[in-house]
Amino acid sequence: MVARFSVEGQTAVVTGSSQGIGAVTAKQFAAEGANVVVTSRSPEEIDAVAAEINDSDRPGEAIAVECDVRDREAVDALLEATVEEFGRIDAMINNAGASFMAEFDEISENGWKTIVDINLHGTFHCSQLAGQRMQRQDGGGTIINFASIAGTMGSKYMSHYGAAKAAVVNLTTSLSAAYADHDIRVNCVAPGLVGTEGVASQMGIDPADVDRSEVAKEMGLPAEIADIVQFLASDASSYVVGETITAQGVPPLEDALP
Ligand SMILES: NC(=O)c1ccc[n+]([C@@H]2O[C@H](COP(=O)([O-])OP(=O)(O)OC[C@H]3O[C@@H](n4cnc5c(N)ncnc54)[C@H](OP(=O)(O)O)[C@@H]3O)[C@@H](O)[C@H]2O)c1
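Described below are features of the structure shown in this document. Being a predicted model, the structure only gives us computed values, none of them experimental.

**Brief notes about the layout of surface pockets**
Then step 1. Its volume calculated, the largest pocket comes out at about 1,000 Å³.
Then step 2. Gly-97, Ala-98, Ser-99, Thr-196 and Gly-198 are, among the 45 residues lining the largest pocket, the residues nearest its centre.
Then step 3. Listed by contribution, the elements that provide at least two residues to the lining of the largest pocket are α1 (20-31), α4 (109-135), α5 (149-153), α6 (159-179) and α7 (197-203).
Then step 4. The dominant element in the lining of the largest pocket, judged by the number of residues it contributes, is α7, at five residues.

Printed below as a string of structure tokens:
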């Protein structure tokens, strides 16, 4: 790894890393020499990801901490556990996200609020609480948010999710300005369709088949998103601030987007 693209020696918190892009990102960061905090609402799954990292020859270490990003106190406890274990937070990777497909008229108030709560309010809690800790440490840090092409072009069957992700894009710009004087760079990645467990379950296919299925040819791989996250966490992106990097393969993918 060229030094400027390195995350070696960093401590990265990866929300939603029990599976999908988050799990792949956590494993990749550990392989590149970062210590990682694996976190989601599912203790067994995050323990398994952390154990896989610690039982491998990856140089980085992992701990697993249960956390629902909607719960501000739980997020604070997650960050406290991170600092207790590793001393600091270099990269706050706000990957946790969720959606379900529904016609606009079929979305209940509760369904709308749940999706906005996880994708937007979760990002707010994690960014603000991590940002405040980064301001108290030498060298600042990076915050990497997760939007979606559903948030940049809209989505007929995921208007709640698209609205929340659009807000994450805007929050990224605002936060980057708010934190610029504190040596904290804030950026965002907006994937197109990526073959993950979450997408497999929404499309009704077995997650084990996601890499082999015909439809997977239209999808990105989680590792292709993890590479962008690593770039944004590294010094190689030092002049990239407040940006949302879209990765959707060869556009247009409108037909693939629910
Ligand atoms: N895959 C795609 O095509 C695609 C496209 C555009 C954007 N994205 C975005 O990329 C990110 C990762 O997507 P993915 O496909 O890898 O997702 P995924 O396979 O569905 O996994 C989602 C992760 O988020 C966690 N999570 C959900 N709600 C949470 C909550 N309230 N608190 C903490 N963790 C929570 C889940 O763990 P638990 O259920 O255990 O909590 C899981 O680890 C998301 O932000 C997603 O919106 C994905």
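Now that the structure is up, let's keep going.
**Considerations on helix α3 (residues 72-86)**
Then step 1. The first and last C-alpha atoms of α3 sit 21 Å apart over 15 residues, in line with the 21 Å expected at 1.5 Å per residue.
Then step 2. Taken as a whole, α3 has its buried residues at Ala-74, Val-75, Leu-78, Leu-79, Thr-82 and Phe-86. Projection of α3 onto a plane perpendicular to its axis shows the buried side chains occupying an angular sector of 140 degrees, all on one side. Projecting away from the buried face of α3 at angles above 90 degrees are the exposed residues Glu-73 and Glu-84.
Then step 3. Those residues of α3 that are buried lie in contact with β1 (11-15), β2 (35-39), β3 (62-64), β4 (91-94) and α4.
Then step 4. Among the residues of α3, the N-terminal cap falls to Asp-71, whose side-chain oxygen and the backbone nitrogen of Glu-73 are separated by 3.1 Å.
Then step 5. Of the residues flanking the end of α3, it is Gly-87, one or two places downstream, whose phi is positive at about 90 degrees.

**Some details on the sheet that holds strand β5 (residues 141-146)**
Hydrogen bonding along the main chain pairs the strands of a sheet, whether they run parallel or antiparallel.
Then step 1. Pairing is parallel in the open sheet, where seven strands are placed in the order β3-β2-β1-β4-β5-β6-β7. The open sheet is flanked by β3 and β7 (244-247), the only strands paired with a single partner. With direction set aside, neighbouring strand axes in the sheet form an average angle of 15 degrees.
Then step 2. Where β4 and β5 come together, four bridges link them in parallel fashion. Its bridge partner being in β5, Met-92 is matched across the sheet by Ile-143.
Then step 3. Helix α8 (residues 222-233) rests against β4, β5, β6 (184-191) and β7 of the sheet, and its axis sits at about 165 degrees to β6.

**A few points about helix α2 (residues 43-54)**
Then step 1. With 12 residues, α2 should cover 16 Å at 1.5 Å per step; its first-to-last C-alpha distance of 16 Å lies within 8% of that length.
Then step 2. Of the residues making up α2, those classed as buried are Ile-46, Val-49, Ala-50 and Ile-53. Angular distribution of buried residues about the axis of α2 spans 95 degrees; they occupy a single face of the element.
Then step 3. Where the residues of α2 are buried, they touch α1, β2 and β3.

**Details of the pairing of β6**
Then step 1. Counted residue by residue, β6 has eight buried out of eight residues, so it is predominantly covered.
Then step 2. Judged by which residues are buried, β6 turns out to be covered on both faces: Ile-184, Val-186, Cys-188 and Ala-190 on one side and Arg-185, Asn-187, Val-189 and Pro-191 on the other are all buried.
Then step 3. Inspection of the sheet shows β5 paired to β6 by six bridges, in the parallel sense. When the sheet's bridge partners are listed, Gly-141 is paired in β6 with Ile-184.
Then step 4. The pairing of β6 with β7 spans four bridges and is classified as parallel.

The rules behind each value
- Residues numbered from 1 in each chain as written.
- Predicted model: local features only at pLDDT ≥ 70, side-chain atom pairs only at ≥ 80, totals over all residues.
- Heavy atoms only, no water.
- 1 Å grid on protein atoms, 1.4 Å probe; cavity = no way out; pocket = protein on both sides within 12 Å on 5 of 7 lines; lining within 4 Å.
- Points joined across faces, edges and corners; volume = space filled by probe spheres on them.
- Helix = DSSP H or I, 4+ residues; strand = E, 2+ residues; numbered from the N terminus.
- Expected span 1.5 Å × (residues − 1).
- Buried < 20%, exposed > 50% of the residue type's maximum accessible area, 1.4 Å probe, protein only.
- Arc of directions from axis to C-beta.
- Contact = heavy atoms within 4.5 Å.
- Polar contact = N/O pair within 3.5 Å; in protein donor to acceptor, adjacent residues only side chain to side chain.
- Pairing = 2+ DSSP bridges.
- Axes fitted to C-alpha atoms, helices over the stretch in contact; angles between N-to-C directions.

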